[in-house]
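Listed below, chain by chain, are the residues.
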Amino acid sequence: MKRTLLLALSLVVCANNAGAMDRKTLTIASEGASPPWNAITPQGELAGFDIDVGRDLCRRMKFECTFVPQDWDGIIPALTVGKFDAIMSGMAITEKRKKSIAFSKPYAGGFNQLVILKDLDLPPTDTSAELDLTTIDPEKQAKIEELRAALNGRTLGVLRSSNSEAVLNELFGKVATIRSYDSQDNMHLDLVAERIDGGLADYFTWKAFLDSTDGGIATLYGPQLSGGLWGPGVGVGLRQDDGELVAAFDSAIEAATSDGTLKRLSEQWFKIDVSPQTSN
C-alpha cells in the first residue's frame with residue numbers, strides 16, 4: 001500500500017515537472033509608464049530597457065514571450081492570481097515583496113533621487129553624491145537631517161505602492177506632506193502645475209522627464225539614494241511556486257551578463273552601465 005502511494009505521488013511530481021518543462025510561451029507584464037525602463041509607444045506597444053532585456057532572456061530560454069501592460073498598483077496581485085507569468089517593470093528586489101512573490105537574480109541596478117521646482121529657495125546640494133541607506137551612520141544621518149530641514153513644510157509626490165513611497169515617508173513624512181500617485185505621469189503633471197514642490201523617483205525616470213520641455217521647471221536635488229528598502233537591484237518578479245522558471249531566468253541573466261548584453265542594453269537606454277556587475 002505504501003509502495004503504491006509513493007509511486008502515485010512520484011508520478012504526480014513527474015507530471016508536474018514535465019508540464020513546467022513543456023512550457024513554451026510566457027506572458028510578461030510591465031507598467032509602461034516609467035521610461036526608459038518601460039513605456040508605451042504611440043502605436044500602443046510596450047518598449048524600453050525592460051522589454052529589450054525580456055526579449056533577450058526569452059530567446060535564451062527558448063520561450064515565445066508576449067508583453068502586456070499592467071498598472072503598477074495591481075501588478076503583484078495580478079501575477080499571483082495567474083493573469084501573467086512574470087513582471088519586468090524596473091521592480092526592485094525587496095524583502096517585503098519577497099513575502100508575496102519570488103525574484104530572479106538582478107538584471108540591473110540604479111538609484112533614486114529627489115527632484116524639486118527650480119524656483120524654490122532651498123540650500124544647494126551635491127546631486128552627484130551617493131547615499132546608501134542600507135546602514136545609517138552619524139555622517140549619513142547628518143546629511144538626512146540637512147535634507148529634512150530643507151524640505152520642511154514642502155509637498156512631495158511619489159508613486160503609490162513603490163519602495164520610493166516607503167522611503168519618502170520614512171525620511172520626510174514628519175516634516176513634509178507626502179502625496180502618492182497612481183502613475184509617474186500624473187505626478188509629473190502636478191509638478192508642472194506646481195501643485196507639489198517636488199518628488200522622489202528612479203533617477204532614470206526623472207531624467208526622461210527633466211530632458212523634456214515640461215521638465216525645464218524642475219531640477220535634481222540631494223544625493224543619489226540607494227540601498228535600504230530598494231534592495232540589491234532590479235529583478236524579474238515570479239510566482240513563489242515557479243521555482244523552475246526562476247532558475248531559467250537566473251541562468252539567462254547570468255549568460256546575458258557574461259557576454260555583455262546587459263551592459264550594451266543599459267548603455268543604449270540609460271547612457272551608463274547599470275548591469276549587475278557594476279550595480280551590486
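Keep in mind that this is a model prediction, so the values were computed, not measured.

**Topic: unusual backbone geometry**
Thought 1: Of the consecutive residues P35 and P36, the connecting peptide bond is found in the cis state with omega at 0 degrees.
Thought 2: Tracing the sequence through the fold places P36 in the loop between β2 (33-34) and β3 (38-40).
Thought 3: Backbone geometry at K62 places phi at a positive 60 degrees, although glycine is not the residue there.
Thought 4: One can find K62 in the loop between α2 (49-61) and β5 (64-69).
Thought 5: Judged by relative accessible area, which is 69%, K62 ranks as exposed.
Thought 6: A positive phi angle is found at K271, which is not glycine, with a value near 70 degrees.
Thought 7: Using a relative accessible area of 67% as the deciding quantity, one classes K271 as exposed.

**Details of the side chain of N112**
Thought 1: Along the chain, the position of N112 falls in strand β8 (residues 112-117).
Thought 2: Polar contacts involving the side chain of N112 include one to the main-chain amide nitrogen of D202, which spans 3.1 Å.
Thought 3: If near-sequence neighbours (up to four positions away) are discounted, N112 is found in contact with S164, L200, A201, D202, Y203, P223, Q224, L225 and W230.

**Some thoughts on helix α7 (residues 203-210)**
Thought 1: Taking burial as the measure, the eight residues of α7 include six buried ones, the bulk of the element.
Thought 2: What α7 keeps buried is the set Y203, F204, T205, W206, F209 and L210.
Thought 3: Contacts from the buried residues of α7 go to β2, β8, α6 (184-192), β12 (198-202), β13 (218-226) and α9 (261-270).
Thought 4: The backbone nitrogen of F204 lies 3.1 Å from a side-chain oxygen of the residue at the head of α7, namely D202.

**Considering the sheet that holds strand β11 (residues 177-181)**
Thought 1: With mixed pairing, the six strands of this open sheet are ordered in space as β9-β13-β8-β12-β10-β11. With partners counted over all chains shown, the strands left at the sheet margins are β9 (130-132) and β11, one partner each. Mean inter-strand twist for the sheet, computed between neighbouring axes without regard to direction, equals 30 degrees.
Thought 2: Pairing between strand β10 (residues 155-159) and β12: three bridges, direction parallel. Its bridge partner lying in β12, L156 is registered against G198.
Thought 3: Packed on one face of the sheet, helix α5 (residues 163-172) meets β8, β10, β11 and β12 and runs near 155 degrees to β10.
Thought 4: Its contacts with the sheet put α7 on β8, β12 and β13, and the angle it makes with β12 is roughly 120 degrees.

**A word on the packing of aromatic side chains**
Thought 1: Across all of its chains, the model carries 10 aromatic pairs by this definition.
Thought 2: Seen from their ring centres, W37 and F204 are 6.5 Å apart, and the 70 degrees between their planes marks the pair as edge-to-face. Within this pair, whereas W37 is found in the loop between β2 and β3, its partner F204 is found in helix α7, the two being separated by 167 residues in sequence. The pair formed by W37 and F204 is uniform in burial state, with each residue classed as buried.
Thought 3: On the numbers, 4.9 Å between centres and 55 degrees between planes, the contact of W37 with F270 is tilted. Here the residue W37 occupies a position in the loop between β2 and β3, and F270 occupies one in helix α9, the gap between them amounting to 233 residues.
Thought 4: Judged by relative accessible area, W37 falls into the buried class, the value being 3%.

**A word on the environment of I28**
Thought 1: Relative to the helices and strands, I28 is located in strand β1 (residues 25-30).
Thought 2: What makes I28 buried here is its relative accessible area of 0%.
Thought 3: Here the alpha-carbon distance between I28 and S89, two residues 61 residues apart in the chain, equals 9.3 Å.
Thought 4: Excluding residues that lie within four positions of it along the chain, I28 makes contacts with C58, C65, T66, F67, V68, A86, I87 and M88.

**A word on the nonpolar core**
The nonpolar side chains of a soluble globular protein tend to be buried, and buried together.
Thought 1: Counting residues in each nonpolar core, the largest one holds 33 residues, and the members touching the most others are F49, V53, L57, Y107, V236 and F249.
Thought 2: Put simply, the parts of the chain that give this core at least two residues each are β1, α2, α7, α8 (243-258) and α9.
Thought 3: Not counting chain neighbours up to four residues away, the residues in contact with L57 comprise M88, F249, A252, I253 and A256.
Thought 4: Listed in part, the 32 residues of the second largest apolar core include L147, L156, A176 and I196.

About the thresholds
Residues numbered from 1 in each chain as written. Predicted model: local features only at pLDDT ≥ 70, side-chain atom pairs only at ≥ 80, totals over all residues. Heavy atoms only, no water. Helix = DSSP H or I, 4+ residues; strand = E, 2+ residues; numbered from the N terminus. Buried < 20%, exposed > 50% of the residue type's maximum accessible area, 1.4 Å probe, protein only. Polar contact = N/O pair within 3.5 Å; in protein donor to acceptor, adjacent residues only side chain to side chain. Contact = heavy atoms within 4.5 Å. Pairing = 2+ DSSP bridges. Axes fitted to C-alpha atoms, helices over the stretch in contact; angles between N-to-C directions. Phe/Tyr/Trp six-rings, centres within 6.5 Å; stacked < 30°, edge-to-face > 60°. Core = buried A, V, L, I, M, F, W, Y, C linked by side-chain atoms within 4.5 Å.

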